[in-house]
Amino acid sequence: MVDVEVDGESMSVPDDVSLFHALRAQGKHVPGLCNLPELNGYGACRLCLINVDGKVQTACTVHASPGAKVETLNEDIVAMRQTALNLLLSDHQGDCIGPCQRGCPAHSDVQGYLALIAMGRYHEAVCLMKKRYILPAVLGRVCPAFCEDECRRHLVDEPVGIREVKRFAADYDLGHGPWMPEIPAATGKGVAVVGGGPAGLSCAYYLRVRGHAVTIFEAMEELGGMMRYGIPEYRLPKDVLDQDIATVIDTGIEVRTSCWVGKDISVEELRETFDAVFLGIGAWHPKTMGLPGENLSGVMQGIEFLQQVNQNKHISLGSKVMVVGGGNTAIDVARSAVRLGAEVHVVYRRSREEMPAEPREIKEAEEEGVTFHFLTNPVKLWGKESVSRVELVKMQQGEPDSSGRPRPVPIKNSNYFMEADTVIFAVGQHTDVAGLQMPLLADAGRLICNDTTCQTGLPGVFAGGDALLGPSTIIESIASGRRAAVMIDCYLQGKLLMAEKTLSNPSSFIADISADETLQQLLFEFRPYNHWKDLSPSDYMHIEKVARKKPRLLKPEERSTNFNEVEQTLSEAAVTHEAGRCLSCGCMAVHKCKLREYATLYEAEQHVFDGQQNHMELDTSHPYVALDNNKCVLCGQCVNTTQKITLEGILDYMSRGFATHVAPPIGTTLQDVEGQFLGDLVDVCPTGALTDRPPFDKPGPWKTTATATICNGCGLGCEMNIEHYGDLAIRAASKTPSWNKGHVCDKGRFGRRWNQGVNAPRIKRQHQWTEISWKEAIQVLHDRMKDMAIVVGPDATLEEAAHLKNMAESYHMPIGADAAEGISTATLGDISIASRIMIAADTKKYPYLAMLLQQALRNGAQLVTDNYDLAILEAPAQPLEVPTLILHHGVNETGLLHMGLKAAPQAKNYLVVGSPRQRLNGFVISLGHFDYADMMLPYPSWIEKDGTVINDFNMELSLHKVREKAVGIERYLWFEEPAVTAAD
Amino acid sequence: MIKAIAVGMNSCGLAAGAEAIYTKLQQELKDRHISLPLKKTGCVGMCYREPLVDIISDNEIISYGQVTPDMALRIVTSHVEQEQPIEEWVVKKDRFNNGQRTTWDVDEYFARQQKIVLENSGYIDPENIGDYIQADGYSALEKALQMEPKDIIETITKSGLRGRGGAGFSTGKKWQFARKAIGGTKYIICNGDEGDPGAFMDRNLLEGDPHRVIEGMIIGAYAIGAEHGIIYVRSEYPLAIHRLTTALQQARRKGLLGHNILGSSFSFDVTIKQGAGAFVCGEETALIASIEGGRGMPHPRPPYPASKGLLNQPTNINNVETWANIPWILRHGWEAYAAIGTEKSKGTKIFALAGKIKHGGNVEVPMGTTLQEILYGIGGGTRTGRSIKAVQLGGPSGGCIPERLFTIPVDYDSVTETGAIVGSGGMIVMDDQTCMVDVAKFFLTFTVEESCGKCTYCRLGTKRMCELLDVITHGNGTAETVMELERLAPQVSRGSLCGLGQTAPKPVLTTLRYFRDEYTAHVEEKRCPAGVCKPLIAYVINEDLCVGCGACAKHCPVGAIAGDKQQLHHIDQSLCTQCGTCQEVCRFNAIEITDKHEVT
């Protein structure tokens, strides 16, 4: 250890490791892409630059010297790292996230949930949606689907029908016991949410899932805001809305309806009672045109009209209704008025093309008999008490206005009249700030808030939704409510100021952000680095055109007289097909990409250095691994791993200078390379250049969780992680630290033996496996109990084996194991110190051992047949006089031998547990998959088990379950009463 | 009395046609039954006068330059047969007084030179060990073997010899590190991976006097305690490899290499490793990686080769010229060596003069000689007679020094102050028809292609810098482009892993420092003052000078020139590709270069 000064602070750091590791161990932020723990610093990426005694150096290649003055994050260092990142990004091509995700105001992982839906995992899909927005069933009906506008599929044929697909998944979820989030322990903080519309519900939900107590104050009788009172039922059935809202409220949110904040209770009172207040009061105040005659009876405001329709109030419209406006509200009003039996005319001052309403809505309105009058504007309403006719003027298109659309200009002397019994204005709404009775600033009918934090001028009072945005879509309101929730959470943690700094200028606060997980999450959620490929239709020439599945609509005559839902849900087959049309644009490594992480932190950009880019062919020849050199940053980790650690030489550098890239030997592709550790190279890749190809129809770039377990591929029992998304096991991956230094062979990794389970009882009839009922299966088991022996297979844990031993004792059954005899006397350390090694085993079957031996040979060990100091044998075998490693096929054979379980006894019937390999003579009932069984009973897969195994080095290793198993029969066998009478 | 005839047969001589001259002389001597030895020598340094033929007498060598076969015939008939030198063709005369050689030459090329390393080059047959031994060769080795290794290292340290590869690190100290390093097998390496454009010091030396390098290595190996030596030389130097191979065989036969050298207990041998010609392999760690059979990629230091080099063993690497200095220092003593040069840069340095210089070749001068003296005094200024604008020192890793700084002495420290480096000794001379932005781009293009691709700053930083220069030379740059370049260049220097990337921006930084006005002209006036950058220039026909001969129109590859016979011709600027052919073929200097925007 030596004393050094780091960023002005004295500290003691080890001098036998590079400063890269020494500083990281001290909790210092030191970025780096090219460092392999098993090798010395490589110095390729140039991101770990630090200043040591006035000189810029790579931390990975220098060691601490006494008295050294180190600066890790001064302005110069940040600028240098930023330049390095800008340079790397300038030749790094791909989409980080799909364009759909960019298009979504809530930035939801569209590609991820489409992939889950394609696989029929609807609850998981909804869970993923709810990371970013609530009310998917509502959105599945009424969202304008900004994601579809961005969908790349339009370069092929038509965008994926994302909204319809979402609707199916959301409906499925509601209909099958909706997915609900886990609520963490209470934080002790309470927040008042004013307004139960999409923004308020969203804010409430995302505060609730962070453990805060939330109370919603809603002025109306029911929750939902505009969704309930503004959107007619034919678009959004009330029961769907109720169910969707219930999934929000049921997280434990308190609701006070019919409570008008500003009348029944003041904001000031809320501020006193609660720790923070969110204002999601919407924009309910109709704008007026100020025309003469507006106060005649028969003149209504669109939002009032819709509110009454949605409350089933009686409205007398007369026979002819004129609707003024061109937004969604105008269409909703018009179509509702049709349903109330009126003849409806929509008057809009611009042309059809400029209408803000969705085209499909306009089309459906026309189908229902609504007449549109474009380039027409009312100037005066005529009538005695009640309106009877409207004076209109024709408009023409002038110069573009601030919105970029042609300004409508009245045509002189073009006035004319149209009869109308009712005139409904739908020309916009704004927020009634005055109603809150608080000194809050507003501009043009919107509350003024801090752009970053959503905080109003009053500390602790935040706002979102239409009150902040002006009339907007539900998804925008939900996104805004969620953002406010995250900000309120920061506020409650006393981090709001830091949150603002984090989001406005992260590269100036790297140390603070790196030290604070909340800020990191905030940054990566709201300001992640992303870039996209620049593509044209010609890039997709190879993609087959596949028509989009359209939902069925009720026929116009079926719908214009009632408020039944017009659009029908797609069939499951159509949904799977539609989700399958997704082009999976986003990078598979987006969630683990270190380049993106650093680019986010350092505010790096792709186009700082615009210049030539290398365009390389993708290598997708290998069934499990893909190589995309366009994303490679030449960190060299894969090359160094395969050249210097696994010693397989699968990949190397090719070409020189700017054209340098990584490739398998000349003339080959990944499918040609012979190696057992290709998967390790995926794990060390810091970007998406080398990725797994999980065996799914449509793998998504899901943000996985890693659970540590043991590989069950052979008796070595390598430690590994299973990366899973919920219950879905995505891939096996390196675990570090681990006894096997993170190496997992391709056999264990891609063979996925760890994912084999049996879900339903099956019996072999005429050499065919047939599914049978549990009752039937238990009966067979019961019938065979006499003269039955238990055989413990090598995949059984020590705990399972102990239970089986107890059970055998209770039932007086003989018990044995499928474990080849021979317990090692050698330890792992013996391999590294051995100089003369004798091998009588096929080490190819144990790839990690083969790698260890290669390393030993490189370090000077020899393979010999006599005078050896280490022996390696394959079971069955007995240890020799020197340290002896005895290899087993099964992961826990050594463990079973330690328990005294040996060769299988003779019996007529067998109950086998834990993936045996040996054939048995008799009627074999297997828990789990066994080819030579006569009957198979449900049994969890390897990654659904907790437990302990002992490997061939006599290490006791723990496996952890990745997911809850489906209830298997093994519960009835030994975890409960030892009785086998229980059935389904 | 004429003793022998010699032809300079280094690559420079061969390129100029020495082979034909040699054959001609051989034939004539045979036909005329003259039994004089016809020798092959190396390069004496006057590459610009090759092929050279020496008529060697007892006390005199008379050299003829730019000899053609016809001239060779007359040299034989007149000088050899009749002992009548053809004075008008003589370019150099050496006279020997008591073994002391004094040289006169027609260009005063040698007058200011001082030969230590090149003392034998051009005078001995590099393929004949006898010649070398006769010139006192291997006597330094004999002397060294009588000394304690530490005393040899002390001698070298005191001599002040600094690494001639470019960095200028004390050779004695470097040996000391290797000597002290703990390890099983020690290696020494001779770095002959000379790759700078326009540099040919090492090649000439290896071709002209290979034994000197080998002798230096044997002494070094003895001092350090190494058993194996490797000469890393690029395969583009086949003649050097051939002569080295021959020299090694001869040395082995004489017991100068192998077991128990000259009867001592010291054993050592040398092998040759041919490099594939990657510039980066001149970098020590990349060179070692290449010898080990890997891709020539540098790794970060420490560990330094002195502690963990070839095959993780202590390794000492010196440049060809450094090794070649060793025998002289041992023969003459460190004091004699230290007496040459400046306070901090001792001895002599070889420079390869190239570019627009009049006298292109290898010169050896005491450290501290001014650029003025080297370029004008020895080099004779430019071939064209135009003024020298700048000189690029140290190849792509070096920088451009403007003419106004030519008074500085060429030593490690003074040159470094200018932003350039002494480097291995390449000097590329530029006249006022050279665009300095274009020069920067030229050198940077070289480093972009020679980057090994390992580190971010070098692989991508130099590439992006080059693209910025390209934008400027295309007239698309703005002041912001230059600022961006100035922001990026020092970052690439400081951020790169090895010397290649660290020095790559030097041509840009020095041209920005000394020739900013040219950058400004490119970005602000969209003008290339030197008339080089094609997108910014236009060829026009001077109406006063054009006689309407039609040569330009005939040769124009794109048919951009038209005009009636005997009438003024015109260039259609919309078709012209600025290839410059018209200017080359016009015998009336009527084609002129002007700014592009002048004609559009």
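The structure under discussion appears in the preceding block.
Just so it is clear, the structure is predicted and the values come from calculations on it, not from any experiment. (Residues numbered from 1 in each chain as written. Chains lettered and ligands numbered in written order. Predicted model: local features only at pLDDT ≥ 70, side-chain atom pairs only at ≥ 80, totals over all residues. Heavy atoms only, no water.)

(A) Quick look at unusual backbone geometry. Backbone torsion omega between Thr736 of chain A and Pro737 of chain A reads -5°, so that peptide bond is classified as cis. Looking at where Pro737 of chain A falls in the secondary structure, it is placed in the loop between β30 (728-733) and α26 (746-751). For the bond from Pro302 of chain B to Pro303 of chain B, the omega torsion is 0°, close enough to zero to count as cis. Backbone geometry places Ser655 of chain A, a non-glycine residue, at a positive phi of 60°. Here Ser655 of chain A shows up in the loop between β25 (652-654) and β26 (661-663). Classification of Ser655 of chain A by relative accessible area gives partly exposed; the value is 37%. Despite not being glycine, Leu262 of chain B has its phi angle at roughly 50°, a positive value. With respect to the helices and strands, Leu262 of chain B occurs in the loop between α10 (238-253) and β9 (269-275). For Leu262 of chain B, a relative accessible area of 38% corresponds to the partly exposed category. (Helix = DSSP H or I, 4+ residues; strand = E, 2+ residues; numbered from the N terminus. Buried < 20%, exposed > 50% of the residue type's maximum accessible area, 1.4 Å probe, protein only.)

(B) Local environment of the interface of chain B and chain A. The partner chain A presents 33 residues to the 30 residues of chain B that form the contact. Overall, the association of chain B and chain A removes approximately 2,600 Å² of surface from exposure, summing both partners, and the carbon and sulfur fraction of that is 54%. Of all residues in chain B, Arg295, Arg464 and Arg494 of chain B bury the most surface against chain A, accounting for 24% of the area lost on that side. At the surface where chain B touches chain A, the tally comes to 1 salt bridge. (Contact = heavy atoms within 4.5 Å. Buried area = accessible area lost by both parts, 1.4 Å probe. Salt bridge = Lys/Arg side-chain N within 4 Å of Asp/Glu carboxyl O.)

(C) Structural view of the packing of helix α16 (residues 436-450) of chain B against helix α21 (residues 516-524) of chain B. All names here are of chain B. The interhelical angle for the contact between α16 and α21, taken along N-to-C directions, is 100°, at an axis separation of 8 Å. With respect to their mutual orientation, α16 and α21 come out roughly perpendicular. In this structure, α16 contributes Met436, Val437 and Ala440 to the contact, and α21 contributes Glu518, Tyr519 and His522. Among the residues making up the contact of α16 with α21, the classes are represented as 4 nonpolar, 1 polar and 1 charged. (Axes fitted to C-alpha atoms, helices over the stretch in contact; angles between N-to-C directions. Parallel < 35°, antiparallel > 145°, perpendicular 65-115°, else oblique. Nonpolar A, V, L, I, M, F, W, Y, C, P; charged D, E, K, R; others polar.)

(D) Looking closely at helix α8 (residues 162-175) of chain A. All names here are of chain A. Taking 1.5 Å per residue, 14 residues should reach 20 Å; α8 reaches 20 Å between its end C-alpha atoms and fits that length. The element α8 is largely enclosed, with a buried count of 11 among its 14 residues. What α8 keeps buried is the set Ile162, Arg163, Glu164, Val165, Lys166, Arg167, Phe168, Ala169, Ala170, Asp173 and Leu174. Positive backbone phi, at 75°, marks Gly177, one or two positions downstream of α8. (Expected span 1.5 Å × (residues − 1).)

(E) Just the pattern of salt bridges, in detail. Residue and element names in this part refer to chain B. With the rule as written, the count across this model stands at 85 salt bridges over all chains. Two residues, Lys39 and Asp131, come together in a salt bridge whose shortest N-O distance is 3.2 Å. Here Asp131 lies in helix α4 (residues 129-134) and Lys39 lies in strand β2 (residues 38-41), a separation of 92 residues in the sequence. A relative accessible area of 22% means that Lys39 is categorised as partly exposed. Of the charged contacts, one joins Asp470 and Lys441 as a salt bridge, the two residues approaching to 2.9 Å between their closest N and O atoms. Taken together, the residues Asp470 in helix α17 (residues 456-473) and Lys441 in helix α16 connect sequence positions 29 residues apart.

(F) Representation of the sheet that holds strand β4 (residues 60-64) of chain B. Residues and elements named next belong to chain B. An order of β2-β1-β3-β4-β5-β6 is seen for the 6 strands of this open sheet, with the pairing classed as mixed. The sheet is open, and its two edges are formed by β2 and β6 (100-105), each paired on a single side. Strand-to-strand twist of the sheet, defined as the mean angle between neighbouring strand axes without regard to direction, takes the value 20°. In this sheet, β4 lies alongside strand β3 (residues 53-57) in antiparallel orientation, the contact comprising 4 bridges. Bridging across to β4, Val53 finds its partner in Tyr64. (Pairing = 2+ DSSP bridges.)

(G) Structural context of the side chain of Asn86 of chain A. In this structure, Asn86 of chain A sits in helix α2 (residues 75-90). Ignoring any residue separated from it by four or fewer positions in sequence, one finds Asn86 of chain A in contact with Ala604, Glu605, Val608 and Phe609 of chain A.

(H) Spatial organisation of the environment of Ser824 of chain A. Residue and element names in this part refer to chain A. With respect to the helices, strands and loops of the structure, Ser824 is situated in the loop between β34 (815-817) and α29 (828-833). The spatial distance from the C-alpha of Ser824 to the C-alpha of His888 is 9.9 Å, given a sequence separation of 64 residues. Excluding residues within four positions of it along the chain, Ser824 makes contact with Thr884, Leu885, Ile886, Asp952 and Asn954.

(I) Layout of the packing of aromatic side chains. Residue and element names in this part refer to chain A. All chains considered together, the criterion is met by 24 aromatic pairs over all chains. With a centroid separation of 5.6 Å and 5° between ring planes, the pair formed by Phe372 and Phe374 is classed as stacked. A residue is classified by how much of its surface remains accessible, and Phe372, at 13% relative accessible area, is buried. Consider the rings of Trp382 and Phe417, whose centres lie 6.0 Å apart with planes at 70°: the pair is edge-to-face. Taken as a pair, Trp382 in strand β15 (residues 376-383) and Phe417 in strand β18 (residues 416-419) lie far apart in primary sequence, 35 residues in all. Trp382 gets classed as partly exposed once you look at its relative accessible area, which sits at 29%. Of the aromatic side chains, those joined through ring pairs into one cluster are Tyr122, Phe168 and Tyr172. (Phe/Tyr/Trp six-rings, centres within 6.5 Å; stacked < 30°, edge-to-face > 60°.)

(J) Here's a closer look at the nonpolar core. Of all hydrophobic cores here, the largest spans 207 residues; its most connected members are Tyr113, Ile117 and Leu201 of chain A. Ranked by the residues each element gives to this core, the list is headed by helix α17 (residues 474-492) of chain A, at 11 residues. (Core = buried A, V, L, I, M, F, W, Y, C linked by side-chain atoms within 4.5 Å.)

(K) Seen up close, the sheet that holds strand β11 (residues 299-301) of chain A. All names here are of chain A. With parallel pairing, 5 strands are arranged side by side in an open sheet as β11-β19-β12-β13-β14. In this open sheet, the two strands that pair with only one neighbour each are β11 and β14 (371-373). Across the sheet, the mean angle separating the axes of adjacent strands is 25° when strand polarity is ignored. Relative to β14, strand β13 (residues 343-347) is paired through 3 bridges, and the arrangement is parallel. Residue pairing in the sheet places His345 in a bridge with Thr371 of β14.

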